[in-house]
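Residues per chain are reported as follows:
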Amino acid sequence: MEKIALYPGSFDPITKGHIDIIKRSSNLFDKLIIGIFKNSTKSKAWFSDEEKVEMIQEILKKEGIKAEIKIFNGLLVDFMYKENVNILIRGLRALSDYEYELQFTLTNKTLAKSEFETVFLTASREYLYLSSSLVKEVALNRGDLSFFVTENVERRLIDKVEK
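Residues numbered from 1 in each chain as written. Predicted model: local features only at pLDDT ≥ 70, side-chain atom pairs only at ≥ 80, totals over all residues. Heavy atoms only, no water.

- If you look the protein chain up in an unreviewed UniProt entry, it shows as Phosphopantetheine adenylyltransferase from Leptotrichia wadei.
- Under the UniProt heading Sequence similarities (unreviewed entry), the note attached to the protein chain is "Belongs to the bacterial CoaD family." (UniProt positions renumbered as here; feature names shortened; annotations may be inferred.)

Structural data, given as structure tokens:
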């Protein structure tokens, strides 16, 4: 059976921490889908779905990473069923992430229409603290973004703040 993995997120914006998880995942599975979902529980997105896709495509091309990018609405498990995904990738930074991710995983298992496994990848040491929210805060305060995001994302963040 082909191992099809999904790494879902809002990626608003995509960070070097996300990219690290994507690189590592792409080497572990037959196929990797990066799923951009519209998260109704988070505040208004800085970037449109199209902008997110463009930024991620640029990064994948530059890094030589093989993955598909898909946008989805609704329940994650419905998208997984539709795409025949049998592995869900989740990144962990700290103990608090684990508690949230365990709740998320158990809920998805309850709602799932097909069998799947969740694989937790711990963040690399240099990205343990990194989040998209932190990146936006640094951008708003005109801080150095090069530690947190790639050049193409940094340019777009600066453009957003200047507008």
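## Examining the packing of helix α2 (residues 49–63) against helix α6 (residues 151–162)
- Contact geometry of α2 with α6 gives a least axis separation of 9 Å together with a crossing angle of 150 degrees. Taken together, the axes of α2 and α6 are roughly antiparallel relative to one another. Where α2 abuts α6, its residues Glu51, Glu54, Met55, Glu58 and Ile59 lie against Asn152, Val153, Arg156 and Lys160. (Axes fitted to C-alpha atoms, helices over the stretch in contact; angles between N-to-C directions. Helix = DSSP H or I, 4+ residues; strand = E, 2+ residues; numbered from the N terminus. Parallel < 35°, antiparallel > 145°, perpendicular 65-115°, else oblique. Contact = heavy atoms within 4.5 Å.)

## Considerations on the sheet that holds strand β2 (residues 31–37)
- Taken in spatial order, the five strands of this open sheet run β3-β2-β1-β4-β5, and their pairing is parallel. Of all the strands in the sheet, just β3 (68–72) and β5 (117–122) have a single pairing partner and so form its edges. Between one strand axis and the next, the sheet turns through 30 degrees on average, direction left out of account.
- Pairing between β2 and β3: five bridges, direction parallel. Bridged to Gly35 within β3 is Lys70.
- Taken strand by strand, helix α4 (residues 95–111) contacts β4 (87–92) and β5, and its axis lies near 165 degrees from that of β4. (Pairing = 2+ DSSP bridges.)

## Observations regarding the pairing of strand β1 (residues 4–9)
- With six of six residues buried, β1 lies mostly within the body of the structure.
- Neither face of β1 is left uncovered, since the one carrying Ile4, Leu6 and Pro8 and the one carrying Ala5, Tyr7 and Gly9 both have all their residues buried.
- Pairing between β1 and β2: six bridges, direction parallel. Looking at the pairing, Ile4 lines up with Lys31 of β2.
- Where the polypeptide runs from β1 across helix α1 (residues 16–26) and back to β2, its parallel neighbour, the crossover connection is right-handed.
- The pairing of β1 with β4 spans two bridges and is classified as parallel. Looking across to β4, one finds that Ala5 is bridged to Ile87. (Buried < 20%, exposed > 50% of the residue type's maximum accessible area, 1.4 Å probe, protein only. Right-handed = clockwise from strand over helix to strand, strands pointing away.)

## Considering the pattern of salt bridges
- In this structure the tally under the stated criterion is 14 salt bridges.
- In this structure, Lys136 engages Asp12 in a salt bridge whose closest nitrogen and oxygen atoms are separated by 3.2 Å. With Lys136 in helix α5 (residues 132–140) and Asp12 in the loop between β1 and α1, this residue pair connects regions lying 124 residues apart in the sequence. By the burial criterion, Lys136 is buried, and Asp12 matches it.
- Its salt-bridge partner being Glu54, residue Arg156 comes within 3.0 Å of it at the nearest N-O pair. (Salt bridge = Lys/Arg side-chain N within 4 Å of Asp/Glu carboxyl O.)

## Concerning the environment of Ala45
- With respect to the element layout, Ala45 can be found in the loop between β2 and α2.
- The spatial distance from the C-alpha of Ala45 to the C-alpha of Arg125 is 27 Å, given a sequence separation of 80 residues.
- Excluding its chain neighbours within four sequence positions, the residues that come into contact with Ala45 are Asp12 and Lys52.

## Quick word on the side chain of Lys136
- Take Lys136: its relative accessible area is 14%, and that puts it in the buried class.
- In contact with Lys136, not counting residues within four places along its chain, are Asp12, Pro13 and Trp46.

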